Amino acid sequence: MKMLTSAAIVVAASLVVERSGPFLGAMMATLPISAGPAYAFLALDHGSEFVATSALAGLAVSAATVVYMIVYAAAAQKWGVVSSVGSALAVWAVSIWLVLGIRWSLGGALALNAGVYALAIPIARQFSAGAMPAPQAKRPWDIPVRAALVMSVVGVTIVAGRTLGPSIAAAAALAPVVLLSLALILHPRAGGIATASVIANGVPAMLGFVGALTLLHLCAVSLGAAASLLLALGVSIGWNACLIAARRWRGSVRAGM
């Protein structure tokens, strides 16, 4: 039931992404529609202290997700879906291996993210202007593939949380399943440049994860996992809403000039 619930949420979101253009698609894709349910299930299984520890590990892990996004966006400019996704996943796996080998403090994890975003945001701008073509007819396997990807990640998260500890659970919960599923579905249909635009537009939005995971780490024990998860969700949604509002404001200013 946990796997099916998460799959339903992510599949519905991915269908919206295909119709909303690169920027709005990226804002949808970078909401915690996969990580949120995964953390909720970890809270149900393990309690607030486990969630707080996992959120701290997740801060460092989320930086690796941004690395995945940049590598995919760059590779997709010239390569096909298999090579682009494969190279991005390989770099992500190495990044995760390095991240999990360090015992992170809150300050250290935030410093890591600051360094990664300082490099990633300017690079992402180079790939963010591609246009999304009109939606195409769905192939029979599209939705089952999306559902299977999400269900696999949630299943791994649940098992990892029970057997391997909070750090591995954080890596599984924050695996780029939505970004991966979007690439596997959109890249063959819309092309690498358009799909890279969706992923690249999502890099600034990932800062919402930094705020959400920081709050979750700090508040999970004192406020309880349920309240902290809701607050973290609010931070992520609020950040993306601010990015949308800022983009519309800049558009209206340019239109009025």
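These numbers come from a predicted model, not from an experiment.

A short note on the nonpolar core
At step 1: Ranked by size, the top nonpolar core spans 59 residues in total, and within it Tyr39, Tyr68, Val203 and Leu216 carry the most contacts.
At step 2: A per-element tally of this core places helix H3 (residues 48–75) first, with 17 residues.
At step 3: Among the nonpolar cores identified, the runner-up in size contains 13 residues, and Phe23, Ala26, Leu31 and Ala205 belong to it.

Notes on the packing of H3 against helix H4 (residues 81–100)
At step 1: Closest axis-to-axis distance for the H3/H4 pair is 8 Å, and the angle between their directions is 155 degrees. When the axes of H3 and H4 are compared, the pair comes out roughly antiparallel. Considering only the axes of H3 and H4, their crossing is right-handed. On the side of H3, the interface is formed by Ala60, Val61, Ala64, Thr65, Val67, Tyr68, Val71, Tyr72 and Ala75, while H4 contributes Ser84, Val85, Ser87, Ala88, Leu89, Val91, Trp92, Ser95, Ile96, Val99 and Leu100.
At step 2: Residue composition of the contact of H3 with H4, by class: 16 nonpolar, four polar and no charged.

A short note on the confidence of the model for the protein chain
At step 1: Here the protein chain shows a mean pLDDT of 82. Residues at 70 or above account for 81%.
At step 2: Confidence, expressed as mean pLDDT per element, reaches its minimum in the protein chain at helix H6 (residues 142–163) with 67 and its maximum at helix H5 (residues 106–125) with 95.

Re empty space enclosed by the protein
At step 1: Applying the stated criterion to the full structure yields two cavities of 30 Å³ or more.
At step 2: Lining of the largest cavity is provided by 18 residues; of these, Ala29, Leu174, Ala175, Pro176 and Phe209 occupy positions nearest its centre.
At step 3: Contributing elements (two or more residues each) for the lining of the largest cavity: H3 and helix H8 (177–190).
At step 4: The element contributing the most residues to the lining of the largest cavity is H8, with three residues.
At step 5: A class-by-class count of the residues in the lining of the largest cavity yields 14 nonpolar, four polar and no charged.

Points about a nonpolar patch on the surface
At step 1: A cluster of nonpolar side chains, Val94, Trp97 and Leu98, forms an exposed patch at the surface whose accessible area comes to about 370 Å².
At step 2: Here Leu98 lies in helix H4.

Observations regarding H5
Counting along an α-helix, one turn takes 3.6 residues, and residues three or four places apart therefore face a common direction.
At step 1: Helix length check: H5 (20 residues) gives 28 Å between terminal C-alpha atoms against 28 Å at 1.5 Å per residue, within 8%.
At step 2: In H5, a bend of some 25 degrees at Tyr117 exceeds every other bend along the element.
At step 3: All of the buried residues in H5 are Ala109, Asn113, Val116, Tyr117, Ala120, Ile121 and Ala124.
At step 4: Those residues of H5 that are buried lie in contact with H3, helix H9 (192–205) and helix H10 (207–223).

A closer look at the layout of surface pockets
The method is simple in principle: a probe with the dimensions of a water molecule rolls over the atoms, and the space it marks as empty is what remains.
At step 1: Computed from the structure, the largest pocket encloses a volume of approximately 310 Å³.
At step 2: Lining the largest pocket are 13 residues; nearest its centre among them are Phe23, Asn201, Pro204, Arg247 and Arg250.
At step 3: Elements supplying a minimum of two residues to the lining of the largest pocket: helix H1 (2–29), H5, H9 and helix H11 (225–256).
At step 4: At four residues, the largest contribution of residues to the lining of the largest pocket is made by H11.
At step 5: Here the residues of the lining of the largest pocket sort into eight nonpolar, two polar and three charged.
At step 6: A volume near 260 Å³ is recorded for the second largest pocket.
At step 7: Forming the boundary of the second largest pocket are 17 residues, of which Pro32, Gly36, Leu229, Ala232 and Leu233 lie nearest the centre.
At step 8: Elements with a minimum of two residues in the lining of the second largest pocket: helix H2 (35–46), H10 and H11.

Criteria and cut-off values
Residues numbered from 1 in each chain as written. Predicted model: local features only at pLDDT ≥ 70, side-chain atom pairs only at ≥ 80, totals over all residues. Heavy atoms only, no water. Core = buried A, V, L, I, M, F, W, Y, C linked by side-chain atoms within 4.5 Å. Buried < 20%, exposed > 50% of the residue type's maximum accessible area, 1.4 Å probe, protein only. Helix = DSSP H or I, 4+ residues; strand = E, 2+ residues; numbered from the N terminus. Axes fitted to C-alpha atoms, helices over the stretch in contact; angles between N-to-C directions. Parallel < 35°, antiparallel > 145°, perpendicular 65-115°, else oblique. Left-handed = near helix turned anticlockwise from the far one by under 90°. Contact = heavy atoms within 4.5 Å. Nonpolar A, V, L, I, M, F, W, Y, C, P; charged D, E, K, R; others polar. pLDDT = per-residue confidence, 0-100. 1 Å grid on protein atoms, 1.4 Å probe; cavity = no way out; pocket = protein on both sides within 12 Å on 5 of 7 lines; lining within 4 Å. Points joined across faces, edges and corners; volume = space filled by probe spheres on them. Patch = residues over 30% accessible without salt bridge, like charges linked within 9 Å, V, L, I, M, F, W, Y side chains within 5 Å. Areas by Shrake-Rupley, 256 points an atom, 1.4 Å probe, with all protein chains shown as cover. Salt bridge = Lys/Arg side-chain N within 4 Å of Asp/Glu carboxyl O. Expected span 1.5 Å × (residues − 1). Bend = angle between axes of the 7 residues up to and from the residue.

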